[in-house]
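The primary structure of each chain is shown beneath.
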Amino acid sequence: MSEPLTTLDIDGIAAGGDGVGRVDGMAVFVPRAAVGDRLTVNLTRSKRFARGVIHEVVSPSSERVIPPCVHYTADRCGGCQLQHVAYDAQLAYKSVIVGDALRRLGRRDVANPEVSASAEQWKYRNKLTLHLRWQGTRWIAGLHPYDDATDVFDLRECPITDDGVLETWAQVREHFALLPRVPALRAAVRRLDHGYSFTVQGGRHWRNAPELLEAVDALTEIWWKGETGAPQLVAQREATHSAGIAFAQVNNGVAHELRQHVLALVAPYTPRTVVDAYAGAGDLALALACDDCRVTALEWDREAVELLAPRLTPPSRAIAGKVEDHLTGALPADVVLLNPPRLGVHAAVTTALEAVRQPPRAIIYTSCDPATLARDLQRMPSYRLVSVRAFDMFPQTAHVETVCELVRVTT
């Protein structure tokens, strides 16, 4: 229940980016707080913790800055969590978040890792996904407030997104009448090497995609995923080798640095066989596959596999399906690469890696969520964590990419 205003000192950071303080020994989580702030907050307690809403910043942290995005403050935009914090401090926060998860949840005795900075702290996103809601006679397109997952505010600017993506969104807005007329949609503009793609998710029928493509000069392809079924390429200006809609890296510079780091971790093992699990578009598989190294790429997206498979020279191969269904058949391997979505790997994956008679010499696990990474490492007690490095793929947010190198414990 809500209490009178409480004075609170922020001395920590939580995984989602909230500041953490304590009242009567109870942890209090406060959005938009910085470590070192003294605040007055409206406090709401539950059984094990409390949440605070900032009423006044009594004494600001030296790490606090003025966020440049109007939506961050006026609309409580949930897309970013750390715009109010100086960039060096953001990197320090993410190091703490990863280290805490690995120690507390993963039961690994490690120090807080180095976090590689992004060369671009603003305008780095080459993809912007918005929620669309039909309100009265028009579409509202934007993001959720951080404290209300059901509401959507009308987004007009986004300083972490590429200007071309925003300009393309502005053009699409002028032709919203061509979208499926349903209560809600989800849509994204992504920058490609050859223009921009537009993806729409929702609705049962959509026949106006070709008309939209003609109306928006910047678009080169349009994808649609209806209420059922897989995504479909429904309009295209010219034939291209698109990798589909699932594998866009939002920060190309950091993605390249991370990929080079993974390859550098693999190199000392001189593997003859590699399993690239959750292979996506197959960049790592293609970089590793050669006469001396046979790669088995596992990926659930059949279209991505159809594009990747012809580019792999046998005996390297790509298999379409769930990793948990095919990993055992792809083992043994000298090195296993894991790069799962935010939910982490299926329990069957860690079980297979624990049970395999001829274990890999190394597992390289790339994660976008420290909590599920830590959970999965706890499920693999037979493997020792030998290196950890994080990458700031998403400046101004609490999200971070982490790469872990694991080797089998020898007895």
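Look a little higher up for the structure.
Just so it is clear, the structure is predicted and the values come from calculations on it, not from any experiment.

Thoughts on the overall build of the protein
For the protein, the helix and strand inventory stands at 10 helices and 21 strands. The C-alpha atoms of the protein give 23 Å as radius of gyration, which agrees with the globular expectation for 411 residues (22 Å, within 12%). Dimensions along the principal axes, computed over C-alpha positions, put the protein at roughly 65 × 60 × 35 Å. Expressed as a percentage of its 411 residues, the buried residues of the protein come to 53%. Within the protein, counting contacts between residues at least 6 apart in sequence, those at least 24 apart form 57% of the total.

Structural notes on unusual backbone geometry
Here the residue pair proline 314 and proline 315 is connected by a cis peptide bond, since its omega of 15° sits within 30 degrees of zero. Tracing the backbone through its elements, the reader meets proline 315 in the loop between helix 7 (302-308) and strand 17 (317-320). The amide bond that connects leucine 331 to the next residue, proline 332, takes the cis arrangement and shows omega of 5°. In the Ramachandran plot, lysine 123 falls in the positive-phi region, its phi being about 60° despite a non-glycine side chain. Given the relative accessible area of 43%, lysine 123 is considered partly exposed.

Description of the environment of proline 4
With respect to the element layout, proline 4 can be found in the segment before strand 1 (6-9). Measuring from C-alpha to C-alpha, the distance between proline 4 and glutamine 135 comes to 37 Å, with 131 residues separating the pair along the chain.

A closer look at the packing of helix 2 (residues 87-104) against helix 10 (residues 370-378)
Contact pair helix 2 / helix 10: the axes reach a minimum separation of 8 Å and the direction vectors enclose 25°. By the angle between their axes, helix 2 is roughly parallel relative to helix 10. In this structure, the crossing between helix 2 and helix 10 has a hand that is right-handed. Residue-level inspection shows Ile97, Val98, Ala101 and Leu102 of helix 2 in contact with helix 10, the latter providing Pro370, Ala371, Leu373, Ala374 and Leu377.

Quick look at the environment of isoleucine 222
When you line up the elements, isoleucine 222 lands in strand 13 (residues 219-225). In the structure, isoleucine 222 is positioned 89 residues away from arginine 133 in sequence and 20 Å away in space, judged by C-alpha atoms. Look past the residues within four positions of isoleucine 222 in its chain and what remains in contact with it is Phe198, Trp206, Ala209, Leu212, Leu213, Gln232, Leu233, Val234 and Ala235.

Here we look at the packing of aromatic side chains
Taken as a whole and judged by the stated rule, the model has four aromatic pairs. On the numbers, 5.4 Å between centres and 75° between planes, the contact of tryptophan 134 with tryptophan 139 is edge-to-face. Its relative accessible area of 27% is what places tryptophan 134 among the partly exposed residues. Centre to centre, the rings of tryptophan 169 and phenylalanine 176 are 6.4 Å apart; their planes meet at 85°, and the pair counts as edge-to-face.

Conventions used here
- Within each chain, residue numbers correspond to sequence positions counted from 1 in written order.
- Predicted model: local features are reported for residues with pLDDT of at least 70 only, side-chain atom pairs are reported and counted for 80 or more only, and whole-chain, interface and lining totals are derived from all residues.
- Side-chain descriptors were evaluated using all non-hydrogen atoms of the structure, hydrogens and water having been removed beforehand.
- Helix and strand definitions here come from DSSP, where helices need a minimum of 4 consecutive H or I residues and strands a minimum of 2 consecutive E residues; each element is numbered from the N-terminal end.
- Here the globule rule is a power law, 2.2 Å times the number of residues to the power 0.38, and the radius of gyration is based on C-alpha atoms.
- Exposed residues in this analysis have more than 50% of their type's maximum accessible area, buried residues have under 20%, and partly exposed residues fall in between, with area computed by a 1.4 Å probe over protein chains only.
- Whether two residues touch is decided by their heavy atoms; if any such pair falls within 4.5 Å, the residues are in contact.
- Note on geometry: axes are lines fitted to C-alpha atoms, helical ones only across the stretch in contact, with angles between N-to-C directions running from 0 to 180 degrees.
- The labels follow the angle: roughly parallel below 35 degrees, roughly antiparallel above 145, roughly perpendicular from 65 to 115, and oblique for the rest.
- What makes a crossing left-handed is the near helix being turned counterclockwise from the far one by less than a right angle; a clockwise turn instead makes it right-handed.
- Stacked, edge-to-face and tilted labels apply to pairs of Phe, Tyr and Trp rings (six-membered ring for Trp) whose centres lie within 6.5 Å, assigned for plane angles under 30 degrees, over 60, and everything in between, in that order.

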